[in-house]
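Spelled out, the chains give:
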Amino acid sequence: MRPFLQSEVYIHDMVKIKRSSDFKNVYRYGKSISNQYIVMYYLENNLGINRVGFSVSKKVGKSVIRNRYKRLLYENFRLLDRDLFKGYDIIFIARNKIIEADFYMVGNAMRRLLTKSSLYMVNK
RNA sequence: CGAGUAAGCCAGAUGGUCGCGUACUAUAUGUACGAGGAAAGUCCGAGCUCCAUAGGGCAAGGUGCCGGGUAAUACCCGGUGGAGGUGACUCCAAGGAAAGUGCAACAGAGAUAUACCGCCUGCCACUUAACUCGUUAUUAACGAAUUAAGCGGCAGGUAAGGGUGGAAAGGCGAGGUAAGAGCUCACCAGCAUCCAGGCGACUGGAAUGCUCUGUAAACCCCACCUGGAGCAAGGUAAAAUAGGAGGGAAUGAUAAGUGGCCCGCUUAACCCUCGGGUAAAACCGCUAGAGGUAUCAGGCAACUGAUAUCGUAGAUAGAUGACCAUCUAAAACAGAACUCGGCUUAUAGACUUGCUCGUAAU
RNA sequence: GGCCCCGUGGUCAAGUGGUUAAGACAUCGCCCUUUCACGGCGGUAACAUGGGUUCGAAUCCCGUCGGGGUCA
């Protein structure tokens with residue numbers, strides 16, 4: 001795994017998972033949790049920061065649709081990231097039913113998953 | 001006013017808060033720029049890169065009225081012919097079936113030539129009728145010959161008519177004939193030759209000759225075009241047990257490049273020497289290009305030329321989003337991935353212009 | 001992103017212009033059996049889609065849609 005120095009990390013920067021091996025690692029060893037719109041995988045990474053990846057299957061729609069829901073997932077995660085415990089790799093996978101949801105419904109679904117997985121600092 | 005037809009244009013805007021990619025700098029509360037008309041399908045054509053500076057032959061594939069435009073095209077423009085529409089106008093893979101081969105199910109007598117029915121002629125047999133002759137005889141009977149009609153058979157002529165079929169030997173009329181037939185004639189249709197016009201497709205005209213099924217998005221013939229692969233090409237640095245560099249041997253046989261085959265070309269192996277520890281990433285290619293806009297000139301037009309002016313994405317888990325306010329309600333199809341020219345397909349709503357037809361008024 | 005292949009009943013599939021689209025499994029009904037299975041008889045059910053060529057198209061040509069493979 002690539003060395004990642006602590007000094008490069010800014011507090012509110014979003015770090016994305018880019019390597020195929022990282023994705024496979026999370027899928028293989030991480031825990032999964034889901035609801036009707038989203039599937040979430042998460043795994044401790046011992047880096048002190050959160051890294052996030054998004055995946056939208058071709059079955060969801062054409063490229064415009066897929067890009068839009070990736071952005072909606074990204075934007076919602078960006079708004080929630082500051083209230084999360086740090087040190088996890090998280091992957092969100094959109095399910096087919098997500099095309100029925102708008103921005104707020106995606107955000108609520110994501111918040112419920114993060115609360116259920118105890119990553120969300122509710123009391124802050 | 002209504003209906004229609006053709007062409008063009010836009011593809012939410014403005015403001016605020018948070019956020020993303022690239023470039024730059026004075027390095028931070030920074031500045032600038034940041035998806036489409038189809039970015040799509042990947043159907044054509046090119047640039048570019050590698051393989052011979054892309055070579056020869058066969059095969060295979062594509063295009064297919066004519067002329068022009070273009071880097072090129074299967075695209076575009078103008079024309080010809082055909083089809084549709086009252087019209088504006090639209091559509092057409094539109095060479096050759098008279099070079100040859102194949103196929104044409106079922107139906108039908110017969111499918112590229114036929115003779116089933118029918119019509120006509122001749123011969124034979126039978127029946128009937130008429131008339132004549134002979135024998136017996138009162139009418140009448142029998143026999144023979146001739147003629148006519150009918151039915152049947154045989155031989156021949158015919159392609160008018162029948163009914164099938166997508167298609168049946170050019171159409172229709174008259175003459176003609178035993179019956180018929182382009183057999184002959186008039187008109188019409190088509191083909192060949194000729195003359196005139198046009199760069200040409202083709203158009204017009206007279207005479208002579210001829211009458212030919214369809215199918216080439218069946219094989220084929222003719223004319224023209226096409227070498228293969230694709231930015232995951234390819235290169236730089238780095239690099240192994242498989243990769244690289246240098247030198248030698250060999251010019252046979254083998255393998256690879258070469259992705260239809262053969263020839264040709266290039267490289268490799270076989271030996272010796274050098275150097276070297278990572279597994280999937282980094283960088284280049286990567287955006288200024290057959291570019292856009294305006295004016296003038298040429299051209300019916302597509303387009304071309306000159307001048308001026310503009311600066312316009314470059315990601316690599318892949319950059320444009322979220323929310324609020326106003327515009328009546330912000331919504332259609334849809335996301336660059338090397339680039340460009342076309343085609344095809346998808347598309348809410350809004351706008352502009354030309355033309356045609358109908359109705360009414362003047 | 002590039003390149004290529006394939007779509008025939010519920011499933012597997014034959015069919016390369018011509019009569020009603022072959023067959024197997026599955027399914028439905030009847031018979032057989034005390035019942036089930038096996039077996040026998042019969043039925044339902046399809047050329048992805050839109051055009052074109054042709055007298056005639058699952059087949060030939062073009063477009064669209066869907067599915068799959070491959071290339072570092």
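Per an unreviewed UniProt entry, chain A carries the name Ribonuclease P protein component and comes from Thermoanaerobacterium butyriciformans. Under the UniProt heading Sequence similarities (unreviewed entry), the note attached to chain A is "Belongs to the RnpA family." Per UniProt, chain A carries the Subunit (unreviewed entry) text "Consists of a catalytic RNA component (M1 or rnpB) and a protein subunit."

A. Structural view of the nonpolar core. I38, M40, F77, I90, F92, M110 and L114 are the most contacted members of the largest nonpolar core, which has 28 residues in total. Broken down by secondary-structure element, the contributors of at least two residues to this core are β3 (38–44), β4 (51–56), α2 (63–80), β5 (88–94) and α3 (103–116). Those residues in contact with M110 that sit more than four places away from it in its chain are I38, L73, N76, F77, L80 and F92. Listed in part, the 7 residues of the second largest apolar core include V39, L43, I91 and I93.

B. Focus on the environment of D81. Note that D81 resides in the loop between α2 and β5. For D81, a relative accessible area of 8% translates into the label buried.

C. Examining the packing of α2 against α3 more closely. Look at α2 against α3: their axes get within 9 Å of each other, and the N-to-C directions meet at 55°. What the angle tells us is that α2 and α3 run oblique. For the pair α2 and α3, the crossing hand works out as right-handed. Of the residues in α3, those touching α2 at L72, L73, E75, N76, F77, L79 and L80 are F103, V106, G107, M110, R111 and L114. Here the residues of the contact of α2 with α3 sort into 9 nonpolar, 2 polar and 2 charged.

Rules of the game
- Each chain has its residues counted from 1, following the order in which its sequence is written.
- Both sets of labels track the order of writing: A upward for chains, 1 upward for ligands.
- Thresholds applied to this predicted model are a pLDDT of at least 70 for local features of residues and 80 or more for the giving and counting of side-chain atom pairs; totals over whole chains, interfaces and linings are not thresholded and use all residues.
- Here the side-chain values reflect all heavy atoms present in the structure, with hydrogen atoms and water set aside.
- UniProt positions are given in the numbering used here, feature names are shortened, and annotations may be inferred rather than shown by experiment.
- For the purposes of this section, nonpolar cores are sets of buried Ala, Val, Leu, Ile, Met, Phe, Trp, Tyr and Cys residues that join through side-chain atoms within 4.5 Å.
- Whether a residue is buried, partly exposed or exposed follows from its accessible area with a 1.4 Å probe, protein chains only, as a fraction of its type maximum: under 20%, in between, or over 50%, in that order.
- Comment: elements are numbered from the N terminus, with helices defined as DSSP H or I runs of at least four residues and strands as E runs of at least two.
- Any two residues whose heavy atoms approach within 4.5 Å are treated as being in contact.
- Throughout, an axis means a line fitted to C-alpha atoms (over the contacting stretch in the case of helices), and angles, computed between N-to-C directions, take values from 0 to 180 degrees.
- Throughout this description, any angle smaller than 35 degrees is read as roughly parallel, any larger than 145 degrees as roughly antiparallel, any in the 65 to 115 degree range as roughly perpendicular, and the remainder as oblique.
- Two helices cross in a left-handed way if the nearer one is turned anticlockwise from the farther one by less than a right angle. They cross in a right-handed way if the turn is clockwise.
- Three residue categories are used. Nonpolar comprises Ala, Val, Leu, Ile, Met, Phe, Trp, Tyr, Cys and Pro, charged comprises Asp, Glu, Lys and Arg, and polar comprises the others, including Gly.

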